Amino acid sequence: MREMEAEQKTRTDTDSLRYKFKLFIKNRLALVGLIILAVVFVLVAFGPTLSPYDAFGTDFAVKLQSPSSAHPLGTDNYGRDVLSRIFSGARHTLLAAVISVVIGLVLGAPLGVISGYFGGKVDLISMRGVDILLSFPPLILAMAIVSGLGPSLLNAAVAIGISYIPIFARVARSRAVQVKRTDYVQSAIALGSSRARIILTDVLPNSMTPLIVQATIYTGYGILWVAALSFIGLGAKLPTPEWGLMISEGRQYIITGEWWMTVFPGLFIMLGVIGFTLIGDGIREVTNPRLRLK
Amino acid sequence: MTEALLEIRNLHTYFKTDEGLARAVDGVDLIVPGGQTLGLVGESGCGKSVTALSIMRLIPDPPGRIVQGEIMLEGRDLLKLTEHEMRRVRGKTIAMIFQEPMTALNPVYRIGSQMAEVIQLHQKVGRTEAINRALEMLNKVGIADPERRLNEYPHEISGGMRQRVLIAMALSSHPKLVIADEPTTALDVTIQAQILDLINALKDEMGTSNLLITHDLGVIFEMAQWVAVMYAGKVVEYASAGDLFDRPLHPYTVGLMESIPHIDQPVSPDKMLKAIPGMVPSMFTEVEGCSFQDRCSYVFDRCRIEEPQFIAVNSGHRVRCWLHV
Amino acid sequence: MDLWRYFLRRIILTIPMVFGALVIMFTVTRILPGDPVMMILGPAHASPENIASMRKLMGLDHSVPVQFILYLGQLLRGDLGFSYHAGNPVSQELLSRFPATFELTTFAFIIMVVFSLPMGVVSGYYRNKTPDNAISVFTVMGISMPTFWLGLLLIYIFFYKLGLAPPPMGRLSAEVEFPATVTGLLLVDTLVAGDFQAFLSALHQLILPGVTLAFFNMAIIVRTLKADLIETLEEDYIRTAKAMGIGIRKILFRHAFRNALLPTVTMLGAIYGSLLGGAVLTEVVFSWPGVGLYAVESITYLDYAGLQGFIVFYVVIFAIVNLLVDLSYRWIDPRVRLD
């Protein structure tokens with residue numbers, strides 16, 4: 001008898017958020033990701049304040065200096081401090097990435113859920129639409145949209161967001177189909193609950209987890225794509241200290257040996273992506289009991 | 001009594017998990033006689049499958065490990081062999097059939113290919129000869145139109161047929177011991193009888209010993225000459241089938257027998273099925289004394305203090321219970 | 001026969017998809033804000049007559065639906081328009097530049113497959129031990145590195161610092177002459193022409209951009225394969241194989257590998273799409289004269305015909321590749337039914 005009670009207690013414990021968080025922390029990689037993200041967050045929020053120099057302040061006297069104690073990450077061809085530009089630029093790259101994921105989620109997830117739940121013609125048409133979006137290689141789609149809208153960081157974020165719609169739609173849809181088949185949804189339907197109610201209270205919350213995992217990971221990728229678009233001139237415009245744009249600016253100098261303008265922004269991009277990916281992986285491990293091998 | 005083919009002495013297999021140390025097998029002693037069937041019976045979770053996997057040394061390490069014991073086969077302790085030597089034993093001297101035939105075959109290769117692979121491995125023959133022998137075995141296990149089956153993929157044949165194929169594969173190298181872990185539990189009732197008959201017939205024809213693992217006393221009655229009863233990771237009673245059914249000694253065995261409804265018993269609405277009260281102790285906790293104490297109707301003081309030894313009551317009948325000391 | 005019917009059905013399904021893609025692309029490049037005429041003429045030449053005649057020349061004097069129909073007509077005739085910044089028809093530009101991209105993409109694909117498959121298996125088998133940890137460091141870096149940054153980094157290390165790589169100036173080094181065009185693929189054409197020195201030069205020039213392009217996808221494949229291999233090794237049929245006495249090497253490479261590879265093969269279409277996209281970035285970094293570089297140039301010079309043509313081209317190729325990958329499923333996984 002006592003054993004049964006003990007069993008039940010541990011069962012509720014494993015489901016609680018606190019237990020999941022503790023398990024998450026136990027995963028060292030996820031912890032690293034969390035730390036990285038904390039740093040990134042600080043940069044995004046307080047970047048310009050933390051910058052020792054003005055990110056836009058040109059000073060040709062000190063141009064193209066390699067890293068030194070005065071300028072830990074060196075200066076670029078206009079004499080601007082690279083460290084300050086990276087700190088100040090964090091918000092541009094990151095916010096654009098976040099916007100793209102939000103667009104993809106907000107437009108894609110409901111589409112997927114409705115498509116998966118209702119099935120039939122709705123499903124067919126939606127998925128055809130999604131397939132059409134998927135018929136573009138991802139960067140190409142973004143290129144097309146941005147060139148139509150006009151190059152700007154916001155438009156780049158929107159374009160990437162649109163190319164994310166199919167991904168979130170697919171994830172949401174497959175989850176919705178799964179959840180719909182469960183006993184408790186079937187009984188809710190049999191009891192006559194309105195479809196809207198079932199979707200909102202049962203289907204949506206249960207589809208959250210994979211969507212959150214994907215959203216985290218794709219925020220990381222969003223950083224890459226935003227930087228890529230800025231690199232080819234379809235994103236942020238000069239003199240914005242966006243990380244991808246900085247790499248583009250530094251490009252011609254790296255062949256002659258001035259590497260710091262290109263290397264450091266790229267390193268920060270990498271760090272950002274790693275942070276999000278590790279967290280996404282960590283969340284996935286915690287919420288998928290099967291992966292938690294003893 | 002016939003020569004013992006396999007003898008297990010004091011086997012302990014533990015698993016290290018997040019929830020603690022799981023003592024899945026905590027004292028197993030048994031003997032599989034040559035040319036006969038030993039039935040290993042017990043409820044789910046009592047450690048029967050882990051025992052079988054321990055014999056085959058297929059316990060995943062981590063998290064599991066065979067921490068103690070001896071498994072004697074033809075004078076050699078299997079637990080002392082190197083992995084390389086053990087690999088030569090598997091499939092050739094000891095073969096194993098598992099519970100789930102649906103997933104036991106590789107879905108991307110044809111039946112013939114998979115059978116030939118095993119035959120070529122153990123019998124040092126060429127591919128053509130291997131295919132021939134595969135055909136022979138398929139015939140032996142009663143599969144119609146074996147040439148066609150050889151070219152088919154596993155998903156193209158039924159569950160019962162897949163189990164026959166697996167039996168054919170297991171027996172293809174004429175092993176001395178066949179371990180069958182609940183071979184019919186996943187199959188339709190009508191097929192069950194066929195498969196069991198097949199296993200019996202092959203045993204007689206080829207002189208193999210069988211270690212038949214099941215939770216079904218009825219299967220034991222039909223198939224086994226010797227029986228070992230397992231509870232909570234230990235063998236609690238070992239006897240010939242006749243002895244066990246005539247005079248079960250361990251209270252658990254008695255309880256099992258009593259819980260089976262008899263066909264000639266009158267059924268009245270107020271009569272309840274007799275079950276053994278209580279629950280199996282968790283494999284994570286170490287019990288002081290006999291593991292059956294909380295559920296035993298004959299329990300007395302000594303049971304709670306000291307764990308009973310596995311003692312022979314008369315020739316061939318051993319029991320782990322203070323009642324019979 | 002089953003296969004042909006499936007093939008036909010897939011082609012028929014692909015056409016509306018490509019059509020839809022064209023509609024989207026047309027909408028985006030014609031309807032949305034931004035006047036291409038003004039951008040091409042510039043304020044200096046923007047007299048009303050010039051604007052009007054430019055409009056007529058670009059076909060912008062019709063209503064939008066009519067424009068689209070005219071465009072479709074053009075497409076079906078293989079006419080992708082005229083590329084202003086290149087001074088040639090778009091289709092000609094694309095076709096002449098495609099071999100460069102194809103060679104680069106295929107080279108990257110080969111590198112990808114040759115290295116990532118063994119790494120995935122090793123990583124999955126030695127889970128959490130040293131080989132896996134080393135490989136994992138590599139994969140985590142691989143999926144988080146911007147392709148264009150990696151290219152620049154490699155140029156800096158291998159060209160500037162170590163002098164091992166050639167200057168990123170195109171497909172052949174300056175002293176070597178281009179061979180006669182047979183396929184447009186330099187690795188092939190140089191061998192056909194018997195010019196071994198040119199062959200080596202072409203190979204030399206390919207290495208850095210090839211690795212750059214392959215890197216990201218290699219990391220993804222290794223990660224996916226590793227996870228799938230771990231899952232496959234838990235399957236019942238692996239247990240059966242072990243119980244039959246089959247050795248670990250055979251189990252890994254014969255039994256587990258094929259099954260673990262299946263989901264990765266499913267991704268092949270997406271991977272190729274990623275390669276096509278990545279090629280754009282790589283070509284920019286290495287000044288590789290392929291269609292990707294052409295697209296970026298078209299953007300820079302506001303050559304809308306060029307950009308559109310490029311997009312149409314890629315969409316078609318992508319569709320074909322996906323179709324081929326779909327068809328190969330039946331052969332790879334016997335359980336797949338054609339319906």
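Just above sits the structure.
Sequence order sets the numbering: in each chain, residues are counted from 1 along the sequence as written. For naming, the first written chain is A and the first written ligand is 1, with later ones following in the order written. The model is predicted, so local features are restricted to residues of pLDDT at least 70 and side-chain atom pairs to those at 80 or more, both for listing and for counting; the totals for chains, interfaces and linings are taken over all residues.

Caption draft 1: Geometry of the interface of chain C and chain B. Across the contact, 17 residues belong to chain C and 22 residues belong to chain B. Mapped by element, the contributors of at least two residues to the side of chain C that touches chain B are α10 (236-243) and α11 (248-266) of chain C. Each helix is a run of H or I in the DSSP string that is no shorter than four residues. Each strand is a run of E no shorter than two, and both are numbered from the N terminus. If you tally residues by element for the side of chain C that touches chain B, the top one is α10(C), at six residues. When residue character is reported, Ala, Val, Leu, Ile, Met, Phe, Trp, Tyr, Cys and Pro are called nonpolar, Asp, Glu, Lys and Arg charged, and the others, Gly included, polar. Taken together, the residues that form the side of chain C that touches chain B break down as five nonpolar, five polar and seven charged. By the convention adopted here, residues make contact when the C-beta atoms placed from their backbones lie within 7 Å.

Caption draft 2: The arrangement of the interface of chain A and chain C in detail. Counting residues at the interface gives 37 residues for chain A and 41 residues for chain C. Those elements that provide at least two residues to the side of chain A that touches chain C are α5 (120-134), α6 (138-149), α9 (195-231), α10 (243-254) and α11 (260-287) of chain A. Looking at the side of chain A that touches chain C, the element that brings in the most residues is α6(A), giving nine residues. For the side of chain A that touches chain C, the per-class residue count stands at 25 nonpolar, 10 polar and two charged.

Caption draft 3: Structural detail: helix α12 (residues 268-286) of chain C. Residue and element names in this part refer to chain C. Its 19 residues place the ends of α12 25 Å apart at the C-alpha level, agreeing with the 27 Å of an ideal helix rising 1.5 Å per residue. In α12, a bend of some 25° at Gly278 exceeds every other bend along the element. Whether a residue is buried, exposed or partly exposed is read from the other C-beta atoms within 10 Å of its own C-beta, which are placed from the backbone; 20 or more gives buried, 12 or fewer gives exposed, and intermediate counts give partly exposed. Here α12 lies mainly inside the structure; 15 of its 19 residues are buried. Positioned one or two residues after α12, Ser287 has a phi angle of 50°, which is positive. Expected helix span is taken as 1.5 Å per residue step, with the number of steps being one fewer than the number of residues. To get the bend at any residue, fit one axis to the seven residues that end at it and another to the seven that begin at it, then take the angle between the two axes.

Caption draft 4: Here's a closer look at the environment of Phe215(C). Residue and element names in this part refer to chain C. For Phe215, the position within the fold is in helix α9 (residues 196-233). Its 25 C-beta neighbours within 10 Å are what place Phe215 among the buried residues. For the pair Phe215 and Lys56, spaced 159 residues apart in sequence, the C-alpha to C-alpha distance is 46 Å. When residues no more than four places from it in sequence are discounted, the contact partners of Phe215 are Gly142, Met145 and Leu150.

Caption draft 5: The nonpolar core, seen in detail. Formed by 162 residues in total, the largest nonpolar core has its most connected members in Ala142(A), Ala156(A), Val226(A) and Ala228(A). Considering every element that reaches this core, the biggest residue donor is α9(C), with 18 residues. If we ignore the near neighbours within four places in the chain, the residues touching Val226(A) are Thr93(A), Ala96(A), Ala97(A), Ala156(A), Ala157(A), Ile160(A), Gly235(A) and Gly244(A). Working definition: the nonpolar core is a set of buried Ala, Val, Leu, Ile, Met, Phe, Trp, Tyr and Cys residues, joined through C-beta atoms within 7 Å. Leu5(B), Val25(B), Met161(B) and Ile199(B) belong to the second-largest nonpolar core, a separate cluster that totals 97 residues.

Caption draft 6: Representation of the packing of α9(C) against α11(C). All names here are of chain C. α11 packs onto α9 with a crossing angle of 130° between their chain directions and a minimal axis gap of 8 Å. Considering the angle they form, α9 stands oblique to α11. Crossing handedness for the pair α9 and α11: right-handed. In this structure, α9 contributes Ile221, Thr224, Leu225, Asp228, Leu229, Thr232 and Leu233 to the contact, and α11 contributes Ala256, Asn259, Ala260, Pro263 and Thr264. Of the residues belonging to the contact of α9 with α11, the class tally is seven nonpolar, four polar and one charged. Axes here mean lines fitted to C-alpha atoms, for a helix over just the part in contact, with angles spanning 0 to 180 degrees between N-to-C directions. When describing relative orientation, an angle under 35 degrees is termed roughly parallel and one over 145 degrees roughly antiparallel, while 65 to 115 degrees is termed roughly perpendicular and anything else oblique. Handedness of a crossing is defined here by the sense of rotation of the near helix relative to the far one, left-handed for an anticlockwise turn of less than a right angle and right-handed for a clockwise turn.

Limitation: the analysis is restricted to geometry and does not speak to function.
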